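Here's the letter readout for the chains.
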Amino acid sequence: MNSPAPDRARNLRARLGGLGFGGDYNPEQWDAATRAEDLHLMNEAGVNLVNLAVFAWARVEPARDAYDFGFFDTVMDDLAAHGITANLATMTASPPPWLAAEHPEILPVTASGGVLSPGGRQHFCPSSPVFRDRAVRLAEAVAAHYRDHPALGVWHVGNEYGIHVAECFCDTSAADFRRWLTDRYGDIDALNDAWSTDFWSQRYTGFDQIAPPRAAPTYPNPSQQLDFKRFSSDALRTCFTLERDALRRITPDVPVTTNFLAGHKSVDVQRWAPEMDLLALDSYPDPHEESAHIGAALSYDVLRGAADGRPWLLTEQAPSAVNWRDRNAGKSPGRMRLWSWQAVAQGADAVMYFQWRQSRGGAEKFHSGMVPHAGAETRVHAEVRELGRELALAPELAGTRLRNEVAIVFDWDNWWALELDSHPSNGVQCLDRVLDHYTPLFEAGVGIDVVHPSADLSPYKLLVLPSHYLLSAEHAARIAAFVAAGGGLLASFFTGIVDEHDRVHMGGYPAPLGDVLGLRVEEFWPAAEGETVALRAADANSPAPAAGSLWREDVKLAGARPELFFAGPDWDDDRPAATVHTHGAGTARYVATRPDPGTMRALVDRALADAGVGAVLPGLPAGVQATLRHGADHDVLVLLNHTEEKHEVSLPAGRLDLLDVRRPAVRHVTLAPRGVAVLGSAGT
Ligand code: GLA
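Bear in mind that the values here come from a model prediction, so they are computed numbers and not experimental data.

Participant: For this particular structure, what's the right way to read the site of the ligand?
Facilitator: In the vicinity of the ligand, the contacting residues are Phe55, Arg121, Asn159, Glu160, Asp282, Tyr284, Glu316, Trp324, Phe354, Glu364 and His367. A distance of 2.6 Å is found between an oxygen atom of the ligand and a side-chain nitrogen or oxygen belonging to glutamate 160. Residue tryptophan 324 places a side-chain N or O atom 2.8 Å away from an oxygen atom belonging to the ligand. Expressed as a share of its isolated accessible area of 300 Å², the protein-covered part of the ligand is 97%. A class-by-class count of the residues in the shell around the ligand yields four nonpolar, two polar and five charged.

Participant: I'm lost on helix H16 (residues 473–484) in this one. Help?
Facilitator: Since the α-helix advances by 3.6 residues per turn, residues separated by three or four positions end up pointing in the same direction. Here H16 contains 12 residues, and its C-alpha end-to-end distance of 16 Å stays within 8% of the 16 Å for a straight helix at 1.5 Å per residue. For H16, the complete set of buried residues consists of His475, Ala476, Ile479, Ala480, Phe482 and Val483. Across the axial projection of H16, the buried residues extend over an arc of 155°, all falling on one side. Among the structural elements, strand S12 (462–465), strand S13 (488–492), helix H17 (514–517), strand S19 (576–583) and strand S20 (586–591) are those in contact with the buried residues of H16.

Participant: It is not clear to me how the sheet that holds strand S3 (residues 85–89) should be interpreted in this structure. Could you clarify?
Facilitator: Strands pair in a sheet through their backbones, by hydrogen bonds, and they do so in one of two ways: parallel or antiparallel. The sheet built from nine strands is open, its strands ordered S5-S4-S3-S2-S1-S9-S8-S7-S6 with parallel pairing. The open sheet has two edge strands, strand S5 (256–257) and strand S6 (259–261), and neither has a second partner. Of the strand pairs in this sheet, strand S8 (residues 312–316) and strand S9 (residues 348–353) are connected by three bridges, and their pairing is parallel. In the sheet register, tryptophan 312 faces S9, and the bridge partner there is alanine 348. Packed onto the sheet, helix H1 (residues 9–16) meets strand S1 (20–25), strand S2 (49–52), S3, strand S4 (152–156), S8 and S9 and runs at close to 135° relative to S4.

Participant: So what exactly am I meant to see when it comes to helix H7 (residues 171–185) here?
Facilitator: Under the 1.5 Å per step criterion, the end-to-end length of H7 is 21 Å for 15 residues, consistent within 8% with the ideal 21 Å. Regarding H7, the residues found buried are Ser173, Ala174, Asp176, Phe177, Trp180, Leu181 and Tyr185. The buried residues of H7 all sit within an arc of 165° when viewed along its axis, so they share a single face. Across H7 from its buried face, at more than 90 degrees, point the exposed residues Asp171, Arg179 and Asp183. Residues of H7 that are buried in the fold lie against helix H6 (129–146), helix H8 (188–194) and helix H9 (222–250).

Participant: Is there a simple way to explain unusual backbone geometry in this structure?
Facilitator: Glycine aside, the phi torsion of most residues is negative, and most peptide linkages are trans. A cis amide bond links phenylalanine 354 with the next residue in sequence, glutamine 355, at an omega value of -5°. Tracing the backbone through its elements, the reader meets glutamine 355 in the loop between S9 and helix H13 (379–391). Each neighbour pair has its own omega, and for tyrosine 509 with proline 510 the value is -20°, a cis peptide bond. For proline 510, the location among the structural elements is in the loop between S13 and H17. With a phi close to 40°, glutamate 160 is a non-glycine residue in the positive phi region. Along the polypeptide, glutamate 160 turns up in the loop between S4 and H7. The backbone of tryptophan 200 sits at a positive phi, close to 60°, despite the residue not being glycine.

Participant: Hey, could you run me through the pairing of S13 in this one?
Facilitator: Consecutive residues of a regular strand have side chains that alternate between opposite faces of the sheet. Burial within S13 is extensive, with five of its five residues counted as buried. Neither face of S13 is left uncovered, since the one carrying Gly488, Leu490 and Ser492 and the one carrying Leu489 and Ala491 both have all their residues buried. The pairing of S12 with S13 spans four bridges and is parallel. In the strand pairing of S13, valine 464 is matched with leucine 490. Following the backbone out of S12, through H16 and into the adjacent parallel S13, one traces a crossover that is right-handed. In terms of strand pairing, S13 meets S20 through five bridges, oriented parallel. Within S20, the position partnered with serine 492 by the bridge is valine 591.

Participant: Teacher, can you tell me more about the confidence of the model for the protein here?
Facilitator: Segments scoring low in pLDDT should not have their predicted coordinates read at a detailed level. Mean pLDDT over the protein: 97, with 99% of residues reaching 70 or higher. Taken element by element, the predicted model of the protein shows its lowest mean pLDDT in strand S15 (residues 532–537) (92) and its highest in helix H12 (residues 335–345) (99).

Participant: Hey, could you run me through the pattern of salt bridges in this one?
Facilitator: Under the definition given, this model contains 53 salt bridges. Among the salt bridges present, the one from lysine 229 reaches glutamate 167, with a minimum N-O distance of 3.5 Å. With lysine 229 in helix H9 and glutamate 167 in the loop between S4 and H7, this pair connects stretches of sequence that are 62 residues apart. One salt bridge in this structure joins aspartate 554 and lysine 556, with 3.0 Å as the shortest N-O distance. Judged by its relative accessible area of 5%, aspartate 554 is buried. For lysine 556, a relative accessible area of 30% corresponds to the partly exposed category. In this structure, a network of salt bridges that share partners links the residues Arg184, Asp227, Arg230, Asp268, Arg271 and Asp413.

Participant: Is there a simple way to think about the domain arrangement of the protein in this case?
Facilitator: The parts lose accessible area when they come together, and the size of an interface is often stated as this lost area. Parsing the protein into structural domains produces domain 1 (6–399), domain 2 (406–611) and domain 3 (624–680). Between domain 1 and domain 2, the contact holds 34 residues from the first and 28 residues from the second. Together domain 1 and domain 2 conceal approximately 2,600 Å² of surface at their shared face, both sides included; 62% is due to carbon and sulfur atoms. Together, Lys265, Gln270 and Leu298 form the three largest contributors to the area buried by domain 1 at its contact with domain 2, with a combined 25%. We note a salt bridge from lysine 265 to glutamate 419, for which the minimum N-O separation is 2.8 Å. The tally of links between domain 1 and domain 2 comes to 17 residue pairs in polar contact (both at pLDDT 80 or more). Elements with a contribution of two residues or more to the side of domain 1 that touches domain 2: H7, H8, H9, helix H10 (269–272) and helix H11 (292–306). Of all the elements, H11 adds the most residues to the side of domain 1 that touches domain 2, at 10 residues. Of the residues in the side of domain 1 that touches domain 2, the class split is 13 nonpolar, 12 polar and nine charged.

Participant: I tried to follow the packing of aromatic side chains on my own but got confused; where do I start?
Facilitator: Aromatic rings considered in pairs are described by the distance between their centres and by the relative angle of their planes. Counting across every chain of the model gives 30 aromatic pairs. For the pair phenylalanine 71 and phenylalanine 72, a centre-to-centre distance of 5.1 Å together with 85° between the ring planes defines the contact as edge-to-face. Consider the rings of tyrosine 509 and phenylalanine 524, whose centres lie 4.4 Å apart with planes at 20°: the pair is stacked. Of the two residues, tyrosine 509 is situated in the loop between S13 and H17 and phenylalanine 524 in strand S14 (residues 519–524); the sequence distance between them amounts to 15 residues. A relative accessible area of 22% places tyrosine 509 in the partly exposed class. The ring of phenylalanine 71 is capped by arginine 59, whose NZ or CZ atom sits 4.6 Å from the centre of that ring. Across the ring face of tryptophan 30, the terminal group of arginine 357 is positioned such that the distance to the ring centre comes to 5.6 Å.

Participant: In this structure, what is going on with the sheet that holds S15? I would like to understand it.
Facilitator: Spatially, S11-S10-S12-S13-S20-S19-S18-S15-S16-S21 is the arrangement adopted by the 10 strands of the open sheet, whose pairing is mixed. Bordering the open sheet on either side are strand S11 (448–451) and strand S21 (594–595), each of which pairs with just one other strand. Pairing of strand S16 (residues 547–549) with S21 involves two bridges; the strand directions are antiparallel. Residue pairing in the sheet places serine 549 in a bridge with arginine 594 of S21. On the sheet, helix H15 (residues 430–443) packs against strand S10 (406–409), S11, S12, S13 and S21 and is oriented at approximately 170° with respect to S10.

Conventions adopted
Residues numbered from 1 in each chain as written. Predicted model: local features only at pLDDT ≥ 70, side-chain atom pairs only at ≥ 80, totals over all residues. Heavy atoms only, no water. Near = heavy atom within 4 Å. Polar contact = N/O pair within 3.5 Å; in protein donor to acceptor, adjacent residues only side chain to side chain. Areas by Shrake-Rupley, 256 points an atom, 1.4 Å probe, with all protein chains shown as cover. Nonpolar A, V, L, I, M, F, W, Y, C, P; charged D, E, K, R; others polar. Helix = DSSP H or I, 4+ residues; strand = E, 2+ residues; numbered from the N terminus. Expected span 1.5 Å × (residues − 1). Buried < 20%, exposed > 50% of the residue type's maximum accessible area, 1.4 Å probe, protein only. Arc of directions from axis to C-beta. Contact = heavy atoms within 4.5 Å. Pairing = 2+ DSSP bridges. Axes fitted to C-alpha atoms, helices over the stretch in contact; angles between N-to-C directions. Right-handed = clockwise from strand over helix to strand, strands pointing away. pLDDT = per-residue confidence, 0-100. Salt bridge = Lys/Arg side-chain N within 4 Å of Asp/Glu carboxyl O. Domains from an automatic or database assignment. Buried area = accessible area lost by both parts, 1.4 Å probe. Phe/Tyr/Trp six-rings, centres within 6.5 Å; stacked < 30°, edge-to-face > 60°. Lys NZ or Arg CZ within 6 Å of the ring centre and 35° of its normal.

In structure tokens, the structure reads:
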């Protein structure tokens, strides 16, 4: 029998003894006096975890194989002496100038053949054997040097893989792509079939003829584009696993992670997750956006779903403003605290920032820091300190998990395929469509998981498919079985259209779910930009609709009952816009347009009611989020007031107020604007 994979994340949890708190620490940018002040301030702020040496390659290996750890030895010793754990980087995120000068072939090449120069960061071809070799050697050297250091708690490999360079089109990448295709398809005819190469005379007679989808006169083959995205994510993942393997050989008990960026399309987090000991996310919601917290909530649920529900680390967020938007809003008082607790509420076991001390020079000098340019006697630093104090009050949150009954089905294959070119409407964008469904569910107050279609669906009562264009026959069959066995389904237009190779499921859309939904779609008629689509209720029991937008289509009923109709003027009044169908013991709903938010909420509420799913805490005011994290014999309720008003909340049973050191029992909570309550079950 195989022994279970070791739970290395537990080692970090045991070390921290509660939630992690800290940020990217870049001491190499500062003098000794500032570094001494840093340690003192970190202790005062309750910092127990730092991301260290993320961009230190040039300093630690100033010339080939000439490692110099002197500077970081002092830093690591100081951290240990101050009780701070290092999420120590393998330092491979940005190759040093000497490496690019010696080996210009490591530089990435764009689809049009341009070479990306050093001078920024992440300037490496993911398939480059030279880069990979130098990176693994450095990771090995770092691991061998710090293997027994008391400050070492977790390994931070690379940094936000793929955010600047996700795909490389050079000849080395082309050869690697061909190897990847040979592994995937075995013979060239299988590839020709999968890629539909009889279209436009693209039939290959050998793998050696295949190149990445470089700039072409018109649309490159879509299946080739899709496979190149899969390959590119895998190529980066290989960079990660090569370093990870080196680390595991030397420090088998130290967990290994890398930080993903929320909402980033190029890296398939679900395919990377099984390779990692724990998942980590960097999250930068825009304070200028009114519903930024909902987009952030979605990204936390995506990450937690990829982690199979395990706790994760918020490795970066901004203490206040970032520097990379056109206009960079600061976080108003209380917002940083609220958004930090939100990550914890949704499963994070650590709250960290980019970065500890705001840089004096370089491209990110106007990115906020936990210690701003103005120093520690500042609003931002005061809020940082206060949050550090608070997070330490609820150590029992660490290691706990959420249990939700609604799952949005999500995967990167669909994200990539849905947004390929030459589609019925370029207005159908994956995250927008997911948010169109996530937002009313979030507002209904239910807990949401976001899962891959191959995930265990048994914990769920309702599945949601928001324009899930690419759906393999195998995954469609799992969803059909889920509904037949009594589950609820809410699916929207342009779902179940193509298989894993981007080939249409024939017989009327969405063929593999037609029986489940009780309908067949003959034709798509997307709306013009800004056009609204009139809707009318099928009968007095149907939701009273305002309008749709983005899409309409010709739905033919095959057992489903219409709830809404398209209402012209160009359309016959008998074309369904929303339907409901009983399939086996379950109920399947279909939405053939993008309804206005009120109508969408009404449809979502019906789907929740059909499936018997209730809010985490019923009766909450709009804009107050509630989540429940469960431990073995306790749970913690977190309430987050995302509004600018005060709210009173009555609890169904007494709970302990964990943010008050005395932990009084409360039945009633007053939430200030942007306020937070963290409430343990009796016995916590
Ligand atoms: C990313 C990177 C950091 C820094 C921040 C700035 O998250 O990982 O190095 O550039 O963005 O927001």
